[in-house]
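# Descriptive analysis of the structure
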Amino acid sequence: MSASSAFNDEKGGSSSVGEPEYGHDPASGGIFSSDYKRHDDLKEMLDSNKDSLKLEAMKRIVAMIARGKNASDLFPAVVKNVACKNIEVKKLVYVYLVRYAEEQQDLALLSISTFQRGLKDPNQLIRASALRVLSSIRVTIIVPIMMLAIKEAASDMSPYVRKTAAHAIPKLYSLDPEQKDQLIEVIEKLLADKTTLVAGSVVMAFEEVCPERIDLIHKNYRKLCNLLIDVEEWGQVVIINMLTRYARTQFLNPNINESLLEEGGGGEKTFYGSDEDEDEDEEEKEKKAEVAAMAKRKPYVMDPDHRLLLRNTKPLLQSRNAAVVMAVAQLYFHLAPKAEVGVIAKALVRLLRSHSEVQYVVLQNVATMTIKRRGMFEPYLKSFYIRSTDPTQIKVLKLEVLTNLANETNISTILREFQTYIKSMDKDFVAATIQAIGRCATNIGEVRDTCLNGLVQLLSNRDELVVAESVVVIKKLLQMQPEKHSDIIKHMAKLTDNIQVPMARASILWLIGEYCEHVPKIAPDVLRKMAKSFTNEEDIVKLQIINLAAKLYLTNSKQTKLLTQYVLNLAKYDQNYDIRDRARFIRQLIVPTEKSGALSKYAKKLFLALKPAPVLESPFKDRDHFQLGSLSHLLNAKAGGYQELPDWPEAAPDPSVRNVEVKESVPEWTKCSSREKRKEKKVEKPFYSDSEGESGPTESADSESDSASGSESGSGSEESGSGSESEESEEGSESEEEEEEEEEKDKKKKKKELKKPVPETESEQSSEEEDRKIKRKSKQRKSDSESESDEDEESESESSQSESEDSESEIEVKKKKKTAEMKPPSKPVKKETKKEKKEMSLLDLDDFEPAPSPQVTPVNTFLSNSLVTDLEGLSLSDSVLSPATIAPSSVLKNYELLHRITGEGLSVEYCFSRQPFSPDANMVAVQMQFTNSATSDTKNLHMEDVKLQSGMRVKEFPEIELLSAGETAMAVMGIDFCDSTQAANFQLCTHTRKFFVSIQPPVGELMRPIFLTENEFKKEQEKLLQNLGQLMGMNEITEKLTLDAKCRNEHAIVQRVTTAANLSRVPCGSDKECSPPVPPPDHPVYRFAGRTVTSSSLVLVTVATKEEGAAQLTVNCEKMVIGTMLVKDILLALTQ
Amino acid sequence: MIHSLFLVNASGDIFLEKHWKSVVSRSVCDYFFEAQERATEPENVPPVIPTPHHYLISVLRHRIYFVAVIQSEVPPLFVIEFLHRVVDTFQDYFGVCTEAAIKDNVVVVYELLEEMLDNGFPLATESNILKELIKPPTILRTMVNTITGSTNVGEQLPTGQLSVVPWRRTGVKYTNNEAYFDVVEEIDAIIDKSGSTITAEIQGVIDACVKLTGMPDLTLSFMNPRLLDDVSFHPCVRFKRWEAERILSFIPPDGNFRLLSYHVSSQNLVAIPVYVKHNITFREGSSQGRFDLTLGPKQTMGKAVESVLVSSQLPRGVLNANLNPSQGTYTFDPVTKLLSWDVGKINPQKLPSLKGTMSLQAGASKPDENPTINIQFKIQQMAISGLKVNRLDMYGEKYKPFKGIKYMTKAGKFQRCVWIAGSDRYYTNRASLIIVTS
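Residues numbered from 1 in each chain as written. Chains lettered and ligands numbered in written order. Predicted model: local features only at pLDDT ≥ 70, side-chain atom pairs only at ≥ 80, totals over all residues. Heavy atoms only, no water.

### Describing the overall build of chain A
Scanning chain A from N- to C-terminus turns up 49 helices and 15 strands. Counting every position in chain A, which comprises 1136 residues, the buried fraction comes to 57%. For chain A, long-range pairs separated by at least 24 residues make up 69% of all intrachain contacts whose partners lie at least 6 apart in sequence. Of the roughly 48,200 Å² of accessible surface on chain A, a fraction of 52% belongs to carbon and sulfur atoms. (Helix = DSSP H or I, 4+ residues; strand = E, 2+ residues; numbered from the N terminus. Buried < 20%, exposed > 50% of the residue type's maximum accessible area, 1.4 Å probe, protein only. Contact = heavy atoms within 4.5 Å. Areas by Shrake-Rupley, 256 points an atom, 1.4 Å probe, with all protein chains shown as cover.)

As structure tokens, then:
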């Protein structure tokens, strides 16, 4: 009766809602008040011969079941109606039966004969539903009947019944696992089914019953791949997950041998900038290694079946179903070559727009991915910015992703984001943000000090939680370099008076104890205060107080002996046994008595041992050993029934296995290509089957992404693909036939594929051969032109260094020659700065024709150093200021863009000319020098396919139409680096070849000099320091240094700084007028100023010299990263 | 896969349970309630909760938790996506998906759940097939059923599951053949305190309502398909055709469905349609703060900004707000500190503003955190990305359908950083501005 009273209560509570089962029949509601009676009434209704009454009764019973009320006593009355004619009554009876059959096994048997009859019904839907209910009744006695029914249904004409059979398999398996072997036979049979309707369900059954029997898949692999796109969404998920596992056992790791792939991958490999940096380097290295290892290495060739899987799953990234997208994403993550994984990023980012639960799961997976493949998500950084409306768990995950994505280039934007987060009202989130800042600081050395400064600022925050969290993080950071930060430790020592959060107090005490040598005066005082409040502290704090006391006793026993003993005595009588134990242990260890053994000698070593700094790691590290997207991955623990993702086969997969598979699949395909069978399949085929006709179009679509397979997709027969494409939309027999034909073509082709060594292999091999040829050629050429090029090199190097007068003249001559040669092909160019013009004109007169194109000027790289200084001397005369005010006074450094050997005779060097780039002031001018040392002419030199980080722009240099053998040409391009040191990547194209090159600027080239007086300089510096940013102190970076012995005079310092960065000296002459206290002449201060090219942020550099070559370098810049990098560069320049 | 499903309402009562395999005791939900208690906000309950023998995967929709019980490894998104599909189906059937609606239609709900899952594996989730199996309740049908005793369940055997076009039933007939498409775009943006955009992107969907006889085959083409950066389709869209020609070619489902959702590439600059001017100050030592907020339209191509709703989470220290709106009405909840201002339509000639004072707790120090501002609004007849449908063609049927296309701009997550100016310090924080149109 308790149930009934509960029911009545509930009814009372929700009276406005109304009890659903009374909704149709208000009369029946109030009459029966007790459970018993009501059931009686229900029985009566069920026994009546009116369908409407039966229906009413069943509805009420179902409503009871839905609410979790027990209705099992009605079983006999209900089961009688299983043969009822009324469909709805029947359905509801089924619902009841499935729910209670397990409890009333004997009675349930009464219904079986009805279902058995149903299994023979001519209507496929009735057959299917009979099988469905029969298999859902969990009664062990009927296992043989179920087995028989399933076997029969598995060979039913109707695919729908076969699907139901597939569904029934796991039901029977869970009821009686002993049937496994027989069920596997059925699964094997159904796996061979060619309809999309069955595919998903049977793979599901496979996964539940025999996931280890991966061998069953061999024969059906290609069919599953091809059907995939037409399978319903849920089936797709299951199939993709299963195929991921399959592929892991059957194919080679595509990333084993990345260099070749990257060469093969051609156009798309450089999809994301940052990846590219690595790649480029790798490529360089590997190219060298390649020459040596060429003969040895067996190139990786992707199995065509592997490719098939990747190609056929890719369109599913566009699915509306998040689970499908995730399944494809994990498949790509686990199986695709590194260069192709990038495609999933966009789709995953799209899922972030979905429900928060979806976001939660996707972000967890993205977090794992970002650790392995950061470059993939970098372009979508902003999609992970946190919104105040996000739930906390999403915020924390986004924070995790942002932290994983942080690197030198984006850290300043990320930190700025973090600053805003710190002010959030969500305190858990603020704490997480502070930890994230800590992790950024440990991972990226350049911003460590900045972050630390910022965190120290937070110590004065009013929110205690914020302060506490900061303390904990600062503690970790300080552990990395404690000697530099004793003032921070002091500051934190003061906090003990106010801060109450135990963890923070404990952290402070630990810090003081650990580094008590750095704060010898404060530490004992802290201990004194703590001893006073000892009894009121939390346990964790007490332990640290004891620790602190012990450490102080060991280092400074004179002052702290009594205090330590006092603390230990207090601890001795503490309520917590841990604390009592600790006190006893420590007393024995540190206070020497006759009993204390040898150990106390080592007490100091024990307590004050150097402790390694904690490594702040992402909790998502190494999670990728779980299959992404799985429940186990999400929980980071193996869930029941989780199938491990196997490791790639070590060596090349056993060729015999591959052969077997090929052999097996050949008959499969030949079978299919016989016409009748195809027709039969056609009938069952859902509508225009994309998947069938697809091989053509997909392949061609794919050829973009996979240049290796280019030859395959290019092979004429595919042309028909696009033709039939349009016909596809029209329905009817015609198109079907057409499709068939096409398919057959496809089949034939496939057969060919199988007979011949796979085309992909061919193409790759051929491309490799080409490479080899090229290499051979270049070698020959090299030996031919060895002497010549050597000369070239020499002279070039001389030209850049040239110190002697005669080499200069030599160059002069050479230059004349070169410019003379250069004139016809390259459009001559003009230069701009007034000063430069003046200087140049001295030389120009005989060397340069006045340039017709107003484009840009290459600075004359051949200007020898001495010449420059000479010219400086000239300009001195008209400048009152010190010579150093002229900015680009030093040698321009040449960088290599394309080496002669890689470029097959074409070599390209570039330098940052430090000239304003006239077409766009926000661009950095890069002057390139092309030298053709090959024996043939190079035509149509131009650039293509520029790949840039977002925001960056490039102004291409004008095409050089002809560069004859042995000639040299110059061109200037402009690049807007967006104030980052990200490389600009592009292809340098000649009429025959394309070369991937990249230009990465040193940070010093991202600025242009500006003229400031000393007063202005100081004002600007003030302004920067008082900026409104939350994390103050981020704008200034100071370093102490010792100047190099050769670099202690004014000239040397100025020159080295201006070489390292494109800055102009702030005249010190004005100093005297403005500030009365003239600095002592032997310790001058040098100031330099500039602005970044893109955002015009001020860059202020101060070098203050002190005694004996000591100096202090201060850089002020709003752009934190630029500042830190600049400090590094200048430091290097001044100390070497 | 999915073992059982429990529906839990906001007050923590289980009001519906359904089991697909053997029965799992409802006490398993205790783990869920524990997690619910731990979470401060309803949406902070972790979607996946491990228990000793089961895993609970839940979604929260319409203040109802749908808690699925899982026994072994399954992709969590699979379950989550399915649960959302269940909710969508309920919404489709009952108009709303509330506790009351579910309780009222408990039998239909049960029948639906029975059809959607078989042994825990999704069976029929297409609304077209489901509607053939189980007729959605309408007032008329309910009345007829009551009188005549007929049923909700389809009389004849459904054929949808056997159809070659699984999302469309055969034999559809309409007297008026119509196809309507709604292009709805949402702007997501974060704008920093100085008013410059940190990030802005446009997400859009094309929702369709197609009521066409027979088996029509439609193609929809755009004037500027290159705008679409990332797309996801209803399964009916032929992917190959899109890849090759940027044309949407499909046999539509019958009735309402989402044809396409897309993302407009971030390279295109997003024109932000509204601006906010704000001046919020607290003076140290005084218990008064000033609040001043003005809205204005910006780049709306002459279209009116309607249904503007501003809401803001004021700092906890604020006791009350005494404000004066130039139009519309505002409310301030002193408990949750939520300020909301129903602005209505923005008149460009007379910009709406909300000015006044806030009172702080006496003696309390100036609030540390900043208020957040949410704004919702609608703009009709404009797709902010500039996406334009070129034409809609129908093949396969003889009649001439009536076609209609509607554009809308709707802002999703739109945030703006706000400065609170104090007497001595500036605070920066992020507030959010949510713009919605329909």
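Picking up after the structure, the text goes on.
### A short note on the side chain of Thr 368 of chain A
Residue and element names in this part refer to chain A. Assignment of secondary structure puts Thr 368 in helix H20 (residues 356-372). Polar contacts involving the side chain of Thr 368 include one to the main-chain carbonyl oxygen of Gln 364, which spans 3.2 Å. The contacts of Thr 368, once residues within four sequence positions are left out, are Phe 620, Arg 623, Asp 624, Leu 628 and His 633. (Polar contact = N/O pair within 3.5 Å; in protein donor to acceptor, adjacent residues only side chain to side chain.)

### Description of the pairing of strand S8 (residues 984-989) of chain A
Residue and element names in this part refer to chain A. The buried count for S8 comes to six of six residues, which makes it a mostly enclosed element. Residue alternation in S8 divides its side chains into two sets, Ala 984, Phe 986 and Leu 988 and Asn 985, Gln 987 and Cys 989, and both sets are buried. Sheet topology places S8 next to strand S9 (residues 994-999); six bridges connect them, and they run antiparallel. Bridging from a neighbouring strand, Asn 985 pairs with Ser 998 of S9. Between the end of S8 and the start of S9, which pair antiparallel, lie four residues. (Pairing = 2+ DSSP bridges.)

### Side note on the pattern of salt bridges
Enumeration according to the criterion identifies 46 salt bridges over all chains in this entry. Between Arg 353 of chain A and Glu 186 of chain B there is a salt bridge; the shortest N-O distance is 2.4 Å. Here Glu 186 of chain B lies in strand S8 (residues 178-191) and Arg 353 of chain A lies in the loop between helix H19 (343-351) and H20, a pairing that spans two chains. Where Arg 391 of chain B meets Asp 393 of chain B, a salt bridge forms, and the shortest distance between an N and an O atom there is 2.7 Å. Overall, the relative accessible area of 46% leaves Arg 391 of chain B in the partly exposed class. What you see here is one network of salt bridges that share partners, running through Lys 91, Arg 132 and Lys 171 of chain A together with Glu 115 and Asp 118 of chain B. (Salt bridge = Lys/Arg side-chain N within 4 Å of Asp/Glu carboxyl O.)

### A closer look at the packing of helix H2 (residues 76-94) of chain B against helix H4 (residues 106-116) of chain B
Residues and elements named next belong to chain B. With their axes 11 Å apart at the nearest point, H2 and H4 run at an angle of 140 degrees to one another. Classified by the interaxial angle, the pair formed by H2 and H4 is oblique. Crossing handedness for the pair H2 and H4: right-handed. Packed against H2, whose contacting residues are Phe 82, Arg 85, Val 86, Thr 89, Phe 90, Tyr 93 and Phe 94, the element H4 presents Val 108, Val 109, Leu 112, Leu 113 and Met 116 at the interface. Grouping the amino acids of the contact of H2 with H4 by side-chain chemistry returns ten nonpolar, one polar and one charged. (Axes fitted to C-alpha atoms, helices over the stretch in contact; angles between N-to-C directions. Parallel < 35°, antiparallel > 145°, perpendicular 65-115°, else oblique. Left-handed = near helix turned anticlockwise from the far one by under 90°. Nonpolar A, V, L, I, M, F, W, Y, C, P; charged D, E, K, R; others polar.)

### Observations concerning the sheet that holds strand S10 (residues 217-222) of chain B
Residues and elements named next belong to chain B. Pairing is antiparallel across the open sheet formed by three strands, whose spatial order is S12-S10-S22. Unpaired on one side and paired on the other, strand S12 (247-250) and strand S22 (389-395) mark the two borders of the sheet. Strand-to-strand twist of the sheet, defined as the mean angle between neighbouring strand axes without regard to direction, takes the value 15 degrees. The sheet contact formed by S10 and S22 spans six bridges and is antiparallel. Counterpart to Ser 221 in the pairing with S22 is Arg 391.

### What to know about the packing of aromatic side chains
Residues and elements named next belong to chain B. Following the criterion strictly, the structure yields 25 aromatic pairs over all chains and no others. Judged by centre distance (6.1 Å) and plane angle (70 degrees), the rings of Phe 32 and Phe 33 are edge-to-face. For Phe 33, a relative accessible area of 18% corresponds to the buried category. Ring plane angle 45 degrees and centroid distance 6.5 Å describe the contact between Phe 66 and Phe 90, whose orientation is recorded as tilted. (Phe/Tyr/Trp six-rings, centres within 6.5 Å; stacked < 30°, edge-to-face > 60°.)

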